[in-house]
Structures are given as C-alpha cells and as structure tokens.
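# Architecture at a glance
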Amino acid sequence: RKESSAASDVYKRQLLYGIFLGVSIILFILNMVIFFSKKRPEFLFYSIYIICFNLLTASISGFAFQFLYPNTPEFQEVSHIWFLAISNVVIYIFLNFYFEVNRSEKLNKIREFFIILWLIPLTLTFLPSFEFTKNSANTLIFSNFFLFFLMIFKSVSYTHLRAHETDSYLVC
C-alpha cells in the first residue's frame with residue numbers, strides 16, 4: 001500500500017510539473033511572438049527569464065539532472081545557483097525596460113551593484129568550498145527580494161502619483 005501511495009505522489013508531482021512547464025512554454029512562445037512583432041526588448045528579456053526560471057525549478061526538483069544533463073553531477077550541485085543568478089540578472093534588465101527606469105536614479109545604481117554581486121557566487125561555484133557559496137547566494141537572494149519589492153513599490157507609487165496629477169487636471 002505504501003508503494004502505491006509513493007508512486008501516486010511521484011505521478012502527481014510529475015503531472016503538476018508538466019502542467020507548470022506547459023504553461024511556461026506557452027508564455028515563452030507568446031512573449032517571443034510579441035517580441036518579434038513589436039520589436040520591444042522587454043519581451044525578449046522576459047522570455048529569457050521564463051527559460052532560466054524553468055531551468056532553476058528543474059534543477060531544484062532534479063528533473064534537469066534526470067533529463068538535461070544526467071552525466072554531470074558536479075554541475076547539478078551548483079546549477080541552481082547559476083540559473084538563479086541568470087534569472088535575477090535578466091529579470092532586472094526586463095524590469096528596467098518595462099518600467100522605463102531612469103538609469104541615473106539611485107535605486108537603479110543599487111540594482112546594478114547587486115547584479116555585479118551575482119558574480120561572486122557564480123565564481124565561487126568553481127571552488128571546492130560549497131558552504132560559502134550557498135551562504136553568499138542566500139544573502140543575495142534576500143537582498144534581491146527586498147530590492148524587487150522596493151522597485152515595485154516605487155513604480156506603483158509613481159503610477160499612483162501620475163494618476164492623481166491627471167485627475168486634478170480633469171476637475172473643473
């Protein structure tokens with residue numbers, strides 16, 4: 001009975017991952033079509049992000065090692081750091097295009113600094129001491145999470161202010 005329950009859990013997990021991957025592929029194709037039709041770079045960067053994020057989830061779940069690079073266990077140990085770093089860099093580039101960020105603003109300089117910081121865990125993946133690599137990557141993940149929400153908050157507040165400016169001109 002336990003064996004059938006375990007097999008059922010594996011089947012459900014694989015089914016859910018397949019649905020997630022299918023939706024992601026549709027999003028990738030949709031964004032690439034928009035990129036080629038509108039020639040707007042943010043859709044290209046979002047498509048790259050979708051691929052990298054899927055590779056990240058595949059490496060964490062073990063599917064990438066099982067299906068994409070089964071003969072490289074050394075890369076499997078650090079692949080999630082690589083895919084996470086690339087995802088973070090690409091999503092920041094996408095957000096800069098999407099929100100039309102002023103490159104001279106202070107928050108953008110901080111984001112560029114964190115993009116450069118991602119080189120540290122990537123470089124450390126070539127060293128045998130993996131613990132420091134994981135710790136530096138975790139610190140950067142937390143920092144990027146915080147910066148991401150700062151960027152969203154700033155963009156929403158800017159949009160909100162612009163909406164109020166427009167409303168005040170419409171009032172007679």
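Residues numbered from 1 in each chain as written. Predicted model: local features only at pLDDT ≥ 70, side-chain atom pairs only at ≥ 80, totals over all residues. Heavy atoms only, no water.

## Structural notes on the layout of surface pockets
In this structure, the largest pocket occupies an estimated 350 Å³ of space. Surrounding the largest pocket, 14 residues form its lining, Y49, N88, I91, F145 and F148 being those nearest its centre. Those elements giving two or more residues to the lining of the largest pocket turn out to be helix 2 (41-61), helix 4 (73-98) and helix 7 (130-170). For the lining of the largest pocket, the element with the most residues is helix 4, which contributes 7 residues. Grouping the amino acids of the lining of the largest pocket by side-chain chemistry returns 11 nonpolar, 3 polar and no charged. (1 Å grid on protein atoms, 1.4 Å probe; cavity = no way out; pocket = protein on both sides within 12 Å on 5 of 7 lines; lining within 4 Å. Points joined across faces, edges and corners; volume = space filled by probe spheres on them. Helix = DSSP H or I, 4+ residues; strand = E, 2+ residues; numbered from the N terminus. Nonpolar A, V, L, I, M, F, W, Y, C, P; charged D, E, K, R; others polar.)

## Notes on the environment of S37
Secondary-structure assignment places S37 in helix 1 (residues 2-38). At 3.2 Å, the side chain of S37 and the backbone oxygen of I34 are in polar contact. (Polar contact = N/O pair within 3.5 Å; in protein donor to acceptor, adjacent residues only side chain to side chain.)

## A word on the packing of helix 2 against helix 4
At a closest axis distance of 8 Å, the pairing of helix 2 and helix 4 adopts a crossing angle of 160°. By the criterion of interaxial angle, the relationship of helix 2 to helix 4 is roughly antiparallel. Once helix 2 is placed against helix 4, the crossing between them reads as left-handed. Among the residues forming the contact of helix 2 with helix 4, the class breakdown is 19 nonpolar, 5 polar and 1 charged. (Axes fitted to C-alpha atoms, helices over the stretch in contact; angles between N-to-C directions. Parallel < 35°, antiparallel > 145°, perpendicular 65-115°, else oblique. Left-handed = near helix turned anticlockwise from the far one by under 90°.)

## Topic: helix 2
A rise of 1.5 Å per residue sets the reference length of helix 2, with its 21 residues, at 30 Å; its end C-alpha atoms lie 30 Å apart and thus fit the reference within 8%. Residues of helix 2 that are buried include every one of E42, F43, F45, S47, I50, C52, N54, L56, T57, A58 and S59, and no others. (Expected span 1.5 Å × (residues − 1). Buried < 20%, exposed > 50% of the residue type's maximum accessible area, 1.4 Å probe, protein only.)

## Some points on unusual backbone geometry
Most of the time, phi is negative for any residue but glycine, and the peptide bond is trans. Backbone geometry at K39 places phi at a positive 60°, although glycine is not the residue there. Structurally, the position occupied by K39 is in the loop between helix 1 and helix 2.

## Observations regarding the environment of F99
Among the structural elements, F99 can be located in the loop between helix 4 and helix 5 (106-117). Sequence separation of F99 and E42 is 57 residues, and the distance between their C-alpha atoms is 9.6 Å.

## Comments concerning the environment of F97
Considering the arrangement of structural elements, one finds F97 in helix 4. Those residues in contact with F97, other than ones at most four positions away along the chain, are P41, E42 and F45. (Contact = heavy atoms within 4.5 Å.)

## Things to note about the confidence of the model for the protein
Confidence along the protein averages 81 in pLDDT terms, with 87% of residues attaining 70 or more. Here helix 7 stands out as the least confident element of the protein, with mean pLDDT 66; helix 2 is the most confident, with 94. In this model residues 166-172 is a low-confidence stretch, pLDDT under 50, and it forms 0 contacts with partners more than four residues away in sequence or in other chains. (pLDDT = per-residue confidence, 0-100.)

## A word on the pattern of salt bridges
Under the counting rule described, the total for this entry stands at 1 salt bridge. The salt bridge partner of R40 is E42, with a shortest N-O separation of 2.3 Å. (Salt bridge = Lys/Arg side-chain N within 4 Å of Asp/Glu carboxyl O.)

## Remarks on the nonpolar core
Within the largest apolar cluster, 19 residues are counted, with the highest numbers of intra-cluster contacts made by A58, F114, W118, L140 and L147. Looking at this core, the elements with two or more residues in it are helix 2, helix 3 (63-67), helix 4, helix 5 and helix 7. Each residue touching L140, except ones within four places of it in the same chain, is listed here: F114, L117, W118 and P121. With 5 residues, the next largest nonpolar core counts F45, I91, F94 and L95 among its residues. (Core = buried A, V, L, I, M, F, W, Y, C linked by side-chain atoms within 4.5 Å.)

## Quick look at the packing of aromatic side chains
Going through the model one piece at a time under the given rule, you end up with 13 aromatic pairs. A ring pair is formed by Y17 and F63, whose centres lie 4.8 Å apart and whose planes are at 25°; its orientation type is stacked. In this pair, Y17 is assigned in helix 1 and F63 in helix 3, connecting sequence segments 46 residues apart. As far as burial versus exposure is concerned, Y17 and F63 are alike and both buried. Considering the side-chain rings of Y69 and F75, the 4.9 Å spacing of their centres and the 75° angle between planes classify their relative orientation as edge-to-face. The exposure class assigned to Y69 is buried, which follows from its relative accessible area of 12%. Looking at F75, the relative accessible area reads 30%, which means it is partly exposed. (Phe/Tyr/Trp six-rings, centres within 6.5 Å; stacked < 30°, edge-to-face > 60°.)

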